[in-house]
Amino acid sequence: MDIKYIDPFIQATNHVFNELFNIKPEVGKPFIMDKNQEHGWDVSAIIGIAGETKGAVVLSFPSELAHNLTSRLTGKPVPSPDEDVVDTIGEVVNIVAGNAKKGLEEYRLMISLPSIVTGRNHKIVWPGKNAPIISIPFQSELGAFSLSVVLENIIG
Amino acid sequence: MRILVVDDSRIMRNIIKNTLMYLHQPDDEYLEAADGVEALDLLLKNQVDLVLLDWNMPKLNGLELVKKLRAMEQFQNLPIIMITSEAAKYNVIEAIKEGVNDYLVKPVSERGLLAKIKRVFPNL
(Lines give C-alpha, C1' and ligand atoms only; values in the text may rest on other atoms or scores of the structure.)
Protein backbone atom coordinates (compact mmCIF):
# COMPACT_ATOMS: atom_id res chain seq x y z
CA MET A 1 0.00 0.00 0.00
CA ASP A 2 1.52 3.33 -1.05
CA ILE A 3 0.66 5.78 1.73
CA LYS A 4 1.92 8.64 -0.45
CA TYR A 5 -1.44 8.84 -2.20
CA ILE A 6 -3.53 8.36 0.94
CA ASP A 7 -1.71 10.96 3.00
CA PRO A 8 -3.25 14.02 1.21
CA PHE A 9 -6.72 12.75 2.17
CA ILE A 10 -5.70 12.17 5.80
CA GLN A 11 -4.09 15.61 6.00
CA ALA A 12 -7.15 17.24 4.42
CA THR A 13 -9.50 15.45 6.85
CA ASN A 14 -7.46 16.59 9.85
CA HIS A 15 -7.33 20.15 8.51
CA VAL A 16 -11.05 20.34 7.79
CA PHE A 17 -12.09 18.93 11.18
CA ASN A 18 -9.71 21.26 12.94
CA GLU A 19 -10.80 24.39 11.05
CA LEU A 20 -14.55 23.76 10.76
CA PHE A 21 -15.26 21.96 14.05
CA ASN A 22 -12.27 22.72 16.26
CA ILE A 23 -11.65 18.96 16.56
CA LYS A 24 -8.27 17.25 16.34
CA PRO A 25 -9.09 13.65 15.40
CA GLU A 26 -6.67 10.77 16.00
CA VAL A 27 -5.79 8.79 12.90
CA GLY A 28 -5.91 4.98 13.12
CA LYS A 29 -4.15 2.38 11.01
CA PRO A 30 -5.27 2.20 7.36
CA PHE A 31 -6.61 -1.14 6.14
CA ILE A 32 -8.08 -2.61 2.97
CA MET A 33 -11.83 -2.70 3.30
CA ASP A 34 -13.91 -5.62 2.11
CA LYS A 35 -16.77 -4.01 0.17
CA ASN A 36 -19.05 -6.96 0.96
CA GLN A 37 -18.55 -6.76 4.70
CA GLU A 38 -21.01 -4.84 6.92
CA HIS A 39 -19.38 -1.59 8.03
CA GLY A 40 -21.82 -0.47 10.75
CA TRP A 41 -21.99 3.21 9.73
CA ASP A 42 -25.29 5.14 9.50
CA VAL A 43 -24.47 7.80 6.93
CA SER A 44 -21.84 8.32 4.25
CA ALA A 45 -20.91 11.34 2.14
CA ILE A 46 -19.42 10.40 -1.22
CA ILE A 47 -17.43 12.33 -3.81
CA GLY A 48 -16.55 10.76 -7.15
CA ILE A 49 -13.16 11.41 -8.73
CA ALA A 50 -12.59 11.56 -12.49
CA GLY A 51 -9.85 12.72 -14.83
CA GLU A 52 -6.49 10.92 -14.99
CA THR A 53 -7.86 8.27 -12.63
CA LYS A 54 -11.26 7.17 -11.43
CA GLY A 55 -12.08 6.88 -7.78
CA ALA A 56 -14.07 8.00 -4.78
CA VAL A 57 -13.65 9.61 -1.38
CA VAL A 58 -16.12 8.60 1.31
CA LEU A 59 -16.61 9.85 4.85
CA SER A 60 -18.81 7.61 7.02
CA PHE A 61 -20.36 8.48 10.37
CA PRO A 62 -22.72 7.24 13.05
CA SER A 63 -25.83 9.46 12.89
CA GLU A 64 -25.16 10.96 16.32
CA LEU A 65 -21.77 12.26 15.20
CA ALA A 66 -23.20 13.62 11.94
CA HIS A 67 -25.84 15.51 13.96
CA ASN A 68 -23.28 16.76 16.48
CA LEU A 69 -20.98 18.04 13.73
CA THR A 70 -23.94 19.83 12.15
CA SER A 71 -24.91 21.43 15.45
CA ARG A 72 -21.33 22.58 15.96
CA LEU A 73 -21.27 24.18 12.51
CA THR A 74 -24.68 25.83 12.69
CA GLY A 75 -24.27 26.86 16.33
CA LYS A 76 -27.67 25.38 17.13
CA PRO A 77 -27.57 23.14 20.22
CA VAL A 78 -30.80 21.34 19.27
CA PRO A 79 -30.71 18.24 17.03
CA SER A 80 -30.30 19.43 13.47
CA PRO A 81 -32.85 18.68 10.77
CA ASP A 82 -31.77 16.10 8.18
CA GLU A 83 -31.44 18.79 5.53
CA ASP A 84 -28.72 20.52 7.56
CA VAL A 85 -26.94 17.20 8.26
CA VAL A 86 -26.86 16.39 4.54
CA ASP A 87 -25.60 19.91 3.82
CA THR A 88 -22.87 19.67 6.48
CA ILE A 89 -21.39 16.28 5.71
CA GLY A 90 -21.69 16.93 1.96
CA GLU A 91 -19.68 20.10 2.38
CA VAL A 92 -17.12 18.34 4.59
CA VAL A 93 -16.40 15.61 2.04
CA ASN A 94 -16.31 18.21 -0.73
CA ILE A 95 -13.65 20.20 1.13
CA VAL A 96 -11.65 17.07 2.00
CA ALA A 97 -11.60 15.92 -1.65
CA GLY A 98 -10.85 19.39 -3.03
CA ASN A 99 -8.08 20.05 -0.50
CA ALA A 100 -6.52 16.61 -1.09
CA LYS A 101 -6.06 17.44 -4.78
CA LYS A 102 -3.26 19.79 -3.73
CA GLY A 103 -1.21 16.76 -2.65
CA LEU A 104 -1.97 14.85 -5.86
CA GLU A 105 -1.06 17.49 -8.42
CA GLU A 106 0.85 15.04 -10.59
CA TYR A 107 -2.61 13.86 -11.66
CA ARG A 108 -5.22 16.14 -13.17
CA LEU A 109 -8.36 15.27 -11.23
CA MET A 110 -11.96 16.47 -11.15
CA ILE A 111 -14.34 15.95 -8.27
CA SER A 112 -18.09 15.42 -8.44
CA LEU A 113 -20.82 17.00 -6.36
CA PRO A 114 -21.33 15.11 -3.09
CA SER A 115 -24.00 12.50 -2.62
CA ILE A 116 -25.26 11.17 0.71
CA VAL A 117 -26.29 7.61 1.54
CA THR A 118 -28.08 6.80 4.81
CA GLY A 119 -29.24 3.73 6.73
CA ARG A 120 -27.31 1.32 8.98
CA ASN A 121 -24.87 -0.69 6.82
CA HIS A 122 -25.95 1.20 3.68
CA LYS A 123 -24.44 -0.01 0.40
CA ILE A 124 -21.92 2.12 -1.45
CA VAL A 125 -21.31 1.58 -5.16
CA TRP A 126 -17.52 1.72 -5.40
CA PRO A 127 -15.76 2.52 -8.66
CA GLY A 128 -13.22 0.06 -10.04
CA LYS A 129 -13.95 -3.64 -9.89
CA ASN A 130 -10.58 -4.66 -8.47
CA ALA A 131 -9.24 -1.40 -7.06
CA PRO A 132 -8.64 -1.70 -3.30
CA ILE A 133 -10.68 0.45 -0.93
CA ILE A 134 -8.33 1.94 1.64
CA SER A 135 -10.15 2.73 4.86
CA ILE A 136 -8.73 4.95 7.60
CA PRO A 137 -10.40 4.95 11.02
CA PHE A 138 -10.52 8.27 12.91
CA GLN A 139 -11.34 8.79 16.57
CA SER A 140 -12.51 12.18 17.83
CA GLU A 141 -13.88 13.70 21.02
CA LEU A 142 -17.35 13.44 19.44
CA GLY A 143 -16.95 9.83 18.29
CA ALA A 144 -15.44 7.62 15.62
CA PHE A 145 -15.73 8.07 11.86
CA SER A 146 -14.11 6.65 8.77
CA LEU A 147 -12.41 7.94 5.63
CA SER A 148 -12.27 5.58 2.65
CA VAL A 149 -10.48 6.19 -0.63
CA VAL A 150 -10.33 4.41 -3.97
CA LEU A 151 -8.02 5.64 -6.72
CA GLU A 152 -7.92 3.19 -9.62
CA ASN A 153 -4.43 2.28 -10.86
CA ILE A 154 -2.82 4.65 -8.35
CA ILE A 155 -3.40 3.01 -5.00
CA GLY A 156 -2.84 -0.69 -4.61
CA MET B 1 -22.30 47.49 -0.70
CA ARG B 2 -24.43 44.69 -2.11
CA ILE B 3 -22.73 41.27 -1.96
CA LEU B 4 -23.92 38.15 -3.76
CA VAL B 5 -22.96 34.90 -1.98
CA VAL B 6 -23.17 31.89 -4.30
CA ASP B 7 -22.79 28.41 -2.81
CA ASP B 8 -24.92 25.27 -3.01
CA SER B 9 -24.46 24.79 0.75
CA ARG B 10 -26.87 26.97 2.73
CA ILE B 11 -24.78 26.47 5.85
CA MET B 12 -21.66 27.64 4.02
CA ARG B 13 -23.50 30.73 2.74
CA ASN B 14 -24.45 31.54 6.34
CA ILE B 15 -20.86 31.06 7.53
CA ILE B 16 -19.59 33.41 4.83
CA LYS B 17 -22.26 36.02 5.63
CA ASN B 18 -21.52 35.81 9.37
CA THR B 19 -17.83 36.25 8.66
CA LEU B 20 -18.57 39.35 6.58
CA MET B 21 -20.45 40.91 9.50
CA TYR B 22 -16.99 41.56 10.95
CA LEU B 23 -16.53 44.24 8.32
CA HIS B 24 -19.12 46.26 10.26
CA GLN B 25 -20.55 47.93 7.18
CA PRO B 26 -24.11 48.75 8.33
CA ASP B 27 -25.35 49.39 4.79
CA ASP B 28 -24.18 46.04 3.41
CA GLU B 29 -26.87 43.96 1.82
CA TYR B 30 -26.62 40.27 0.98
CA LEU B 31 -28.13 38.30 -1.86
CA GLU B 32 -27.85 34.52 -2.01
CA ALA B 33 -27.86 31.94 -4.78
CA ALA B 34 -27.48 28.15 -4.64
CA ASP B 35 -26.09 27.68 -8.16
CA GLY B 36 -24.79 29.57 -11.18
CA VAL B 37 -28.17 29.85 -12.87
CA GLU B 38 -29.75 31.50 -9.83
CA ALA B 39 -26.73 33.76 -9.49
CA LEU B 40 -26.89 34.90 -13.11
CA ASP B 41 -30.59 35.63 -12.74
CA LEU B 42 -29.95 37.76 -9.64
CA LEU B 43 -27.07 39.59 -11.31
CA LEU B 44 -29.22 40.48 -14.31
CA LYS B 45 -31.92 41.92 -12.01
CA ASN B 46 -29.83 43.63 -9.32
CA GLN B 47 -26.88 45.96 -9.01
CA VAL B 48 -24.20 43.88 -7.22
CA ASP B 49 -20.82 45.18 -6.01
CA LEU B 50 -19.09 41.88 -5.16
CA VAL B 51 -19.64 38.19 -5.89
CA LEU B 52 -18.33 35.47 -3.56
CA LEU B 53 -18.53 32.36 -5.71
CA ASP B 54 -18.24 28.63 -5.06
CA TRP B 55 -16.88 26.41 -7.86
CA ASN B 56 -18.62 23.03 -7.52
CA MET B 57 -22.35 23.60 -7.84
CA PRO B 58 -25.24 22.00 -9.74
CA LYS B 59 -26.80 23.39 -12.95
CA LEU B 60 -24.05 25.92 -13.72
CA ASN B 61 -20.78 25.74 -11.80
CA GLY B 62 -18.76 28.72 -10.65
CA LEU B 63 -16.17 28.59 -13.40
CA GLU B 64 -18.84 28.34 -16.10
CA LEU B 65 -20.58 31.34 -14.55
CA VAL B 66 -17.34 33.36 -14.59
CA LYS B 67 -16.88 32.58 -18.31
CA LYS B 68 -20.44 33.73 -19.04
CA LEU B 69 -20.10 36.91 -16.97
CA ARG B 70 -16.75 37.96 -18.43
CA ALA B 71 -18.23 37.55 -21.92
CA MET B 72 -20.96 40.09 -21.05
CA GLU B 73 -19.91 43.71 -21.22
CA GLN B 74 -21.76 44.83 -18.08
CA PHE B 75 -19.99 42.21 -15.93
CA GLN B 76 -16.44 42.49 -17.25
CA ASN B 77 -15.29 44.50 -14.21
CA LEU B 78 -17.56 42.96 -11.59
CA PRO B 79 -15.34 41.89 -8.63
CA ILE B 80 -15.50 38.10 -8.16
CA ILE B 81 -13.75 36.17 -5.39
CA MET B 82 -13.88 32.41 -5.81
CA ILE B 83 -14.31 30.52 -2.52
CA THR B 84 -13.90 26.81 -3.17
CA SER B 85 -12.57 23.51 -1.85
CA GLU B 86 -10.51 23.17 -5.06
CA ALA B 87 -6.96 23.56 -3.77
CA ALA B 88 -4.87 22.32 -6.72
CA LYS B 89 -2.64 24.95 -8.33
CA TYR B 90 -4.00 24.14 -11.79
CA ASN B 91 -7.50 25.01 -10.53
CA VAL B 92 -6.34 28.34 -9.14
CA ILE B 93 -4.56 29.18 -12.41
CA GLU B 94 -7.62 28.20 -14.47
CA ALA B 95 -9.94 30.38 -12.38
CA ILE B 96 -7.60 33.39 -12.52
CA LYS B 97 -7.25 32.94 -16.31
CA GLU B 98 -11.03 32.99 -16.66
CA GLY B 99 -11.19 36.27 -14.81
CA VAL B 100 -11.77 35.85 -11.08
CA ASN B 101 -10.21 38.69 -9.10
CA ASP B 102 -9.05 36.48 -6.24
CA TYR B 103 -9.21 32.91 -4.99
CA LEU B 104 -9.72 31.49 -1.53
CA VAL B 105 -9.59 27.82 -0.55
CA LYS B 106 -12.15 26.42 1.91
CA PRO B 107 -12.31 26.04 4.86
CA VAL B 108 -12.43 29.82 5.05
CA SER B 109 -10.97 31.72 7.97
CA GLU B 110 -12.33 35.14 8.94
CA ARG B 111 -8.90 36.65 8.48
CA GLY B 112 -8.42 35.05 5.05
CA LEU B 113 -11.77 36.19 3.70
CA LEU B 114 -11.45 39.74 5.00
CA ALA B 115 -7.92 40.03 3.58
CA LYS B 116 -9.17 39.02 0.13
CA ILE B 117 -12.07 41.49 0.26
CA LYS B 118 -9.77 44.28 1.35
CA ARG B 119 -7.47 43.51 -1.57
CA VAL B 120 -10.41 44.00 -3.94
CA PHE B 121 -11.75 47.03 -2.01
CA PRO B 122 -8.69 48.71 -0.42
CA ASN B 123 -10.79 51.57 0.98
CA LEU B 124 -12.98 49.37 3.19
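Because the structure is predicted, anything quoted here is derived from the model rather than measured. (Residues numbered from 1 in each chain as written. Chains lettered and ligands numbered in written order. Predicted model: local features only at pLDDT ≥ 70, side-chain atom pairs only at ≥ 80, totals over all residues.)

**Here we look at the environment of Gly128(A)**
Residue and element names in this part refer to chain A. For Gly128, the position within the fold is in the loop between β6 (115-118) and β7 (133-140). Sequence spacing of Gly128 and Glu26 is 102 residues, and the spatial spacing of their C-alpha atoms is 29 Å. For Gly128, the contacting residues outside a window of four places in its chain are Lys54, Val150 and Glu152. (Helix = DSSP H or I, 4+ residues; strand = E, 2+ residues; numbered from the N terminus. Contact = placed C-beta atoms within 7 Å.)

**Structural notes on the confidence of the model for chain A**
Taken as a whole, chain A shows an average pLDDT of 92; of its residues, 97% reach a score of 70 or greater. The secondary structure element of chain A with the lowest average pLDDT is strand β2 (residues 31-33) of chain A, at 93, and the one with the highest is strand β1 (residues 26-27) of chain A, at 98. (pLDDT = per-residue confidence, 0-100.)

**Overview of the interface of chain A and chain B**
With 21 residues of chain A at the contact, the number on the chain B side is 16 residues. Within the residue set of the side of chain A that touches chain B, elements represented by two or more residues are α1 (7-21), α2 (63-74) and α3 (82-100) of chain A. The leading source of residues in the side of chain A that touches chain B is α3(A), at ten residues. Counted by class, the side of chain A that touches chain B contains seven nonpolar, six polar and eight charged residues. (Nonpolar A, V, L, I, M, F, W, Y, C, P; charged D, E, K, R; others polar.)

**Quick notes on the pairing of strand β5 (residues 102-105) of chain B**
Residue and element names in this part refer to chain B. Note: strand β4 (residues 80-84) against β5, four bridges, orientation parallel. Among the inter-strand pairings, Ile81 is bridged to a residue of β5, identified as Asp102. In terms of handedness, the path from β4 via helix α4 (residues 89-98) over to β5 forms a crossover that is right-handed. (Pairing = 2+ DSSP bridges. Right-handed = clockwise from strand over helix to strand, strands pointing away.)

**Quick word on the sheet that holds strand β2 (residues 29-33) of chain B**
Residue and element names in this part refer to chain B. Spatial strand order, β2-β1-β3-β4-β5: five strands in an open sheet with parallel pairing. For this open sheet the edge positions go to β2 and β5, each flanked by a neighbour on one side alone. Here the strands of the sheet are splayed against their neighbours by 20 degrees on average, with no regard to which way each runs. With respect to the sheet, helix α5 (residues 110-120) is in contact with β3 (50-53), β4 and β5, its orientation differing from that of β5 by roughly 180 degrees. (Axes fitted to C-alpha atoms, helices over the stretch in contact; angles between N-to-C directions.)

**Structural notes on the packing of α3(A) against helix α1 (residues 10-20) of chain B**
Put simply, α3(A) and α1(B) touch, their axes get as near as 8 Å, and they point 75 degrees apart. It follows from the interaxial angle that α3(A) and α1(B) lie roughly perpendicular. Residues Asp84(A), Asp87(A), Thr88(A) and Glu91(A) of α3(A) form the contact with α1(B), whose participating residues are Arg10(B), Ile11(B) and Met12(B). Taken together, the residues of the contact of α3(A) with α1(B) sort by class into two nonpolar, one polar and four charged. (Parallel < 35°, antiparallel > 145°, perpendicular 65-115°, else oblique.)

**Some remarks on the nonpolar core**
Nonpolar side chains in soluble globular proteins tend to end up buried together. Residue and element names in this part refer to chain A. If you look at the biggest cluster of nonpolar residues, it comprises 47 residues, and the most contacted ones within it are Phe9, Val57, Leu59, Ile89, Val92, Val93 and Val96. The set of elements that each furnish at least two residues to this core consists of α1, β3 (43-51), β4 (55-61), α2, α3, β5 (109-111), β7 and β8 (143-151). It is α3 that provides the largest number of residues to this core, a total of nine residues. Setting aside its immediate chain neighbours within four residues, Val93 contacts Ala45, Ile46, Ile47, Val57, Leu59 and Pro114. (Core = buried A, V, L, I, M, F, W, Y, C linked by C-beta atoms within 7 Å. Buried ≥ 20, exposed ≤ 12 C-beta atoms within 10 Å, placed from the backbone.)

**Regarding the environment of Asn99(A)**
Tracing the backbone through its elements, the reader meets Asn99(A) in helix α3. A count of 24 C-beta atoms within 10 Å places Asn99(A) in the buried class. With 52 residues separating them along the chain, Asn99(A) and Ile47(A) place their C-alpha atoms 13 Å apart. Here Asn99(A) is in contact with Ala12(A), His15(A), Val16(A), Ser85(B), Ala87(B) and Val105(B), once residues within four sequence places are set aside.

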